[in-house]
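# A structural walkthrough
Residues per chain are reported as follows:
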Amino acid sequence: MLALSKTITSKLLLTAAVALAAVAAISPASAQGRLEARYVASLAGIPIGSGRWVVEIADTHYAAEVNGSTTGLLHAFTGGEGSTIARGTLNAGRPASSIYAATISTSKKTEQVNLTTSNGDVKDFKVDPPPDADPERVARFFDQAGALGIDGITVSPGYAYERAPDQAHFLTRARTKQLFRDIFRRGRGARAWSFSQSGLFLDFLAGNQEYRCTPWGNPTRNVFGWQRPCYLLGEGYASSFRQLMEETDWDAYGTGNYEKCADCMVHSGYEATAVQDAVRHPLKALSVSFRGVRTEGAMAQEISLKRQRPASYVFSGHVQQKLAEIRITQARAEEPAAP
Ligand code: SF4
């Protein structure tokens, strides 16, 4: 199996493997001609797609085409039937570069997946239309994670934070809560799956808790220092943990306080709040654990955004300043020592 970039998502890994596994399985000694066979593609032994592959191999390039269905773990991401075409170059009988295009259809929609790899790294990936939040798909993924023996799922809703390259396809808080209700309903109020997060955080995601963010709950440190206020927002850096904790105006952040936080329900700020609530109200936490997350009925009141302060776009300025400081420090270190 090809080794693909670790920086890409599991979805990419799996999608790439469908097309490439068939090619990678052909030994260099027989790397000429045309192969037509029913093929079940797999990734580390996990079936991800099946169909009738037609593979044409020459000395330096190959072309493969399959009509079939996604299975196993890949089915959790892109369920359906479709056709896949892969073309690329070969080096010692193994794919060096590939262009992969799949059209996968279900009764509801058709997705076009395009993927380019080079020497095992994914260079470009696009799904059209962009994947929307589909509760059935997420629930299937949780089922598959359990079937694989994964004993702790960490889940968090995305939102259009400042540095997110695609601002158009993230969820608002209202859509996030409904989505999680629709997901958890498919798994006995989330009890069907094993999460590594607190039950009250899951309950919050389903709109049953009115929590305020605890921005310092998951401190972030990077090459510039301790990032204020959290890993999603970069609004300055502290040189020590004490300085971060004591000199950051924490009340200036969080949903209702700051425009950039308006749609955030991310674990980095809200899991800490849920844990504090569980310590203060253990019976409430136990109740959610035993009964599951409530997926019907009224939701908790939403935080008003009327008094939030407007967004301040300071991230790039802080990064430039830190980079300048690093360059000055490096230049000083490289100066020859005085005789
Ligand atoms: S709400 Fe909290 S965790 Fe979310 S972006 Fe704002 S400070 Fe960060």
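Residues numbered from 1 in each chain as written. Predicted model: local features only at pLDDT ≥ 70, side-chain atom pairs only at ≥ 80, totals over all residues.

The next thing to look at is the overall build of the protein. Within the protein one finds nine helices and ten strands. Looking at the protein as a whole, 32% of its 339 residues qualify as buried. Taking all contacts inside the protein whose residues are at least 6 apart in sequence as the whole, residues at least 24 apart take part in 62%. (Helix = DSSP H or I, 4+ residues; strand = E, 2+ residues; numbered from the N terminus. Buried ≥ 20, exposed ≤ 12 C-beta atoms within 10 Å, placed from the backbone. Contact = placed C-beta atoms within 7 Å.)

Bringing helix α9 (residues 315-334) into the picture now. Between its first and last C-alpha atoms α9 spans 29 Å; for 20 residues at 1.5 Å apiece the expected length is 28 Å, and the two agree. Little of α9 is tucked away: zero of the 20 residues are buried. (Expected span 1.5 Å × (residues − 1).)

The next point concerns the packing of helix α3 (residues 135-147) against helix α4 (residues 173-185). Where α3 meets α4, the axes come as close as 8 Å, and the angle between the chain directions of the two elements is 50°. The orientation of α3 relative to α4 falls into the category oblique. Helix-helix and strand crossings are classified by hand; for α3 and α4 the assignment is right-handed. Contacts from P135, V138 and A139 in α3 reach L179, D182 and I183 in α4. (Axes fitted to C-alpha atoms, helices over the stretch in contact; angles between N-to-C directions. Parallel < 35°, antiparallel > 145°, perpendicular 65-115°, else oblique. Left-handed = near helix turned anticlockwise from the far one by under 90°.)

Right, let's talk about the site of the ligand for a bit. In the vicinity of the ligand, 14 residues are found, and the nearest of them are C213, C230, C261, C264 and G269. Grouping the constituent residues of the shell around the ligand by class yields ten nonpolar, four polar and no charged. (Near = placed C-beta within 6 Å. Nonpolar A, V, L, I, M, F, W, Y, C, P; charged D, E, K, R; others polar.)

The strands that make up a sheet pair up through hydrogen bonds in the backbone, lying either parallel or antiparallel. One open sheet holds the three strands; their spatial order is β8-β9-β10, and the pairing between them is antiparallel. In this open sheet, the two strands that pair with only one neighbour each are β8 (220-222) and β10 (234-238). Along the sheet, successive strands turn relative to each other by an average axial angle of 40°, direction set aside. Sheet topology places β8 next to strand β9 (residues 225-229); three bridges connect them, and they run antiparallel. (Pairing = 2+ DSSP bridges.)

The next subject is helix α7 (residues 267-280). An α-helical turn contains 3.6 residues, so a residue and the one three or four places further along point in the same direction. With 14 residues, α7 extends 19 Å between its outermost C-alpha atoms, agreeing within 8% with the 20 Å of an ideal straight helix rising 1.5 Å per residue. Those residues of α7 that sit buried are H267, S268, G269, Y270, E271, T273 and A274. The inward-facing, buried residues of α7 abut α5 (199-205).

On to unusual backbone geometry, then. Going from R228 to P229, the amide bond is cis rather than trans, its omega being -10°. Assignment of secondary structure puts P229 in strand β9. Even without a glycine there, the phi angle at R188 is positive, about 50°. In this fold, R188 is placed in the loop between α4 and α5. Positive phi is not limited to glycine here, since A190 has a value of about 80°. Mapping A190 onto the fold places it in the loop between α4 and α5. Among the residues examined, A190 registers 27 C-beta atoms within 10 Å and is labelled buried.

Turning our eyes to something else, we now look at the confidence of the model for the protein. Overall, the prediction assigns the protein a mean pLDDT of 79, with 73% of residues at 70 or greater. Segment residues 1-31 is flagged for pLDDT under 50; beyond a separation of four residues in sequence, or across chains, it makes 79 contacts in the model. Under a pLDDT of 50 for its full length, residues 42-46 has, in the predicted model, eleven contacts with residues more than four places off or in other chains. (pLDDT = per-residue confidence, 0-100.)

Its location among the elements puts G199 in helix α5. C-alpha of G199 to C-alpha of A278: the two residues are 79 residues apart in sequence and 8.8 Å apart in space. Every residue in contact with G199, bar those within four places of it in the chain, is listed here: A285, V288 and S289.

For the rest of this paragraph, the subject is the nonpolar core. Soluble, globular proteins show a tendency: their nonpolar side chains are buried together. Counting 29 residues, the largest nonpolar core has F201, F204, L205, C264 and Y270 as its most contacted members. Those elements that place two or more of their residues in this core are α3, α4, α5 and α7. In terms of residues, this core owes the most to one element, α5, which gives five residues. Those residues within four positions of F201 in sequence are excluded, and the remaining contacts are H267, Y270, E271 and A274. (Core = buried A, V, L, I, M, F, W, Y, C linked by C-beta atoms within 7 Å.)

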